[in-house]
Amino acid sequence: MAIIHYANDMSHIQIVYYSSGDSTHLLAEAIQEGAAEYGRARLLRILPQHIQHGRYPIQAFADELQDASAIIFGSPTFMGGPAAQFKAFADASSANWCRQAWADKIAAGFTIGGNLNGDQQCTLAYFSTLAAQHGMLWCGLDIAAGYSPEGLNRLGCQLGATAHSPDGKLHPSDLATARHLGRRVAGLANRMRAAALKKEQQT
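Below, the structure is looked at part by part. A quick note: this is a predicted structure, and the numbers were derived from the prediction, not measured.

## Quick notes on the overall build of the chain
Phase 1 of the analysis: Counting its regular elements, the chain contains six helices and seven strands.
Phase 2 of the analysis: Seen in sequence order, the chain has helices and strands lined up from the N terminus as β-α-β-α-β-β-α-α-β-α-β-β-α.
Phase 3 of the analysis: Taking 203 residues into account, the globule formula puts the C-alpha radius of gyration at 17 Å, and the chain, at 16 Å, falls close to it.
Phase 4 of the analysis: Here the chain holds 203 residues, and 47% of them are scored as buried.
Phase 5 of the analysis: Sequence separation of 24 or more characterises 77% of the internal contacts of the chain that already satisfy a separation of 6 or more.
Phase 6 of the analysis: If you sum the accessible surface of the chain, you get close to 10,000 Å²; carbon and sulfur atoms cover 53% of it.

In structure tokens:
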């Protein structure tokens, strides 16, 4: 892949996720790869040792999250929702909710499960509700299932990127869909930044 030099007006995408093994992490890396075609894309992996007494130290990452043009949330689906470790991050974000510090940032989400359905849609719905709480703008997939020549969105979810992995291995289509979501979010963030800069120049 060619090295891309980013201008100051390029997007900064923050990918915040919990991965109990490798599969969710690999999805996060695929999203990062896609987003990096349009700007900076960084991974913020939630680790169990970060959580002390049930609280996630979100202030340690406050500047990175505030600087982001978009935040993409990720977690495996456990018992019909995101993992408790991700929920600790979400609960800690209430300090930003009070100030609506993330308002107008783009948000998106991804998840994975051991079953073809496994209520993964509920995890994405949780992410979108979290984004709405923060006044963020949700970005889903723009791919109708079964109509992509590349086989993207094979599981037919428009709300975000989903993957099915009964054995820890990822389907190439799911990885490609994750890369597409990263590109879509970062490209949209760039267009929004460009429009905002143009408006500033006109005033």
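## Comments concerning the side chain of Ser-165
Phase 1 of the analysis: Considering the arrangement of structural elements, one finds Ser-165 in the loop between strand 7 (161-164) and helix 6 (172-202).
Phase 2 of the analysis: By relative accessible area, which is 10% here, Ser-165 ends up buried.
Phase 3 of the analysis: At 2.7 Å, the side chain of Ser-165 forms a polar contact with the backbone oxygen of Lys-169.
Phase 4 of the analysis: Once you skip the residues sitting within four places of it in the chain, Ser-165 turns out to touch Ile-112, Gly-113, Gly-114 and Leu-170.

## A word on the nonpolar core
Phase 1 of the analysis: With 28 residues, the main nonpolar core has Ile-13, Ile-15, Ile-72, Phe-110 and Val-185 as its most contacted residues.
Phase 2 of the analysis: Elements that contribute at least two residues to this core include exactly strand 1 (11-18), helix 1 (23-35), strand 3 (70-78), strand 5 (106-113), strand 7 and helix 6.
Phase 3 of the analysis: Leu-65, Phe-73, Ala-90 and Cys-157 belong to the second-largest nonpolar core, a separate cluster that totals 27 residues.

## Here's the deal with the pattern of salt bridges
Phase 1 of the analysis: Throughout the structure, instances matching the rule amount to five salt bridges.
Phase 2 of the analysis: Linking Asp-67 and Arg-40 is a salt bridge whose minimum nitrogen-to-oxygen distance equals 3.3 Å. Highlighted residues: Asp-67 in helix 2 (residues 62-67) and Arg-40 in strand 2 (residues 39-46), separated in sequence by 27 residues.
Phase 3 of the analysis: The class for Asp-67 is partly exposed, based on a relative accessible area of 41%.

## A short note on the pairing of strand 2
Phase 1 of the analysis: Bridge analysis of strand 1 against strand 2 gives eight bridges, and the strand direction is parallel. Bridging from a neighbouring strand, Ser-11 pairs with Gly-39 of strand 2.
Phase 2 of the analysis: Remark: the strand 1/helix 1/strand 2 crossover connection has right-handed handedness.

## Comments concerning the state of the cysteines
Phase 1 of the analysis: Enumeration according to the criterion identifies zero disulfides in this entry.
Phase 2 of the analysis: There is no disulfide at Cys-157, and the cysteine sulfur nearest it, in Cys-122, is 11 Å away.

## Some points on the pairing of strand 3
Side chains on a regular strand alternate between the two faces of the sheet.
Phase 1 of the analysis: A large share of strand 3 lies buried, amounting to eight of its nine residues.
Phase 2 of the analysis: Sheet topology places strand 1 next to strand 3; five bridges connect them, and they run parallel. Across the sheet, Tyr-17 pairs through a bridge with Gly-74, a residue of strand 3.
Phase 3 of the analysis: By the bridge criterion, seven bridges tie strand 3 to strand 5 in an arrangement that is parallel. Bridge pairing in strand 5 places Ser-75 opposite Thr-111.
Phase 4 of the analysis: Pairing of strand 3 with strand 4 (residues 81-82), which is carried by two bridges, proceeds in the antiparallel orientation. Bridge pairing links Thr-77 to Pro-82 in strand 4.
Phase 5 of the analysis: In this antiparallel pair of consecutive strands, strand 3 and strand 4, the connection spans two residues, and Met-79 shows a positive phi of 55 degrees.

## Things to note about the environment of Leu-181
Phase 1 of the analysis: Turning to its location among the elements, Leu-181 is positioned in helix 6.
Phase 2 of the analysis: A relative accessible area of 0% means that Leu-181 is categorised as buried.
Phase 3 of the analysis: Spatially, the C-alpha atoms of Leu-181 and Gly-34 are 7.3 Å apart, while their sequence positions differ by 147 residues.
Phase 4 of the analysis: Sequence-distant contacts of Leu-181, defined by excluding residues within four places in its chain, comprise Ile-31, Ala-108, Gly-109, Cys-139, Gly-140, Leu-141 and Ala-161.

Parameters at a glance
Residues numbered from 1 in each chain as written. Predicted model: local features only at pLDDT ≥ 70, side-chain atom pairs only at ≥ 80, totals over all residues. Heavy atoms only, no water. Helix = DSSP H or I, 4+ residues; strand = E, 2+ residues; numbered from the N terminus. Rg over C-alpha atoms; globule rule 2.2 N^0.38 Å. Buried < 20%, exposed > 50% of the residue type's maximum accessible area, 1.4 Å probe, protein only. Contact = heavy atoms within 4.5 Å. Areas by Shrake-Rupley, 256 points an atom, 1.4 Å probe, with all protein chains shown as cover. Polar contact = N/O pair within 3.5 Å; in protein donor to acceptor, adjacent residues only side chain to side chain. Core = buried A, V, L, I, M, F, W, Y, C linked by side-chain atoms within 4.5 Å. Salt bridge = Lys/Arg side-chain N within 4 Å of Asp/Glu carboxyl O. Pairing = 2+ DSSP bridges. Right-handed = clockwise from strand over helix to strand, strands pointing away. Disulfide = S-S within 2.5 Å.

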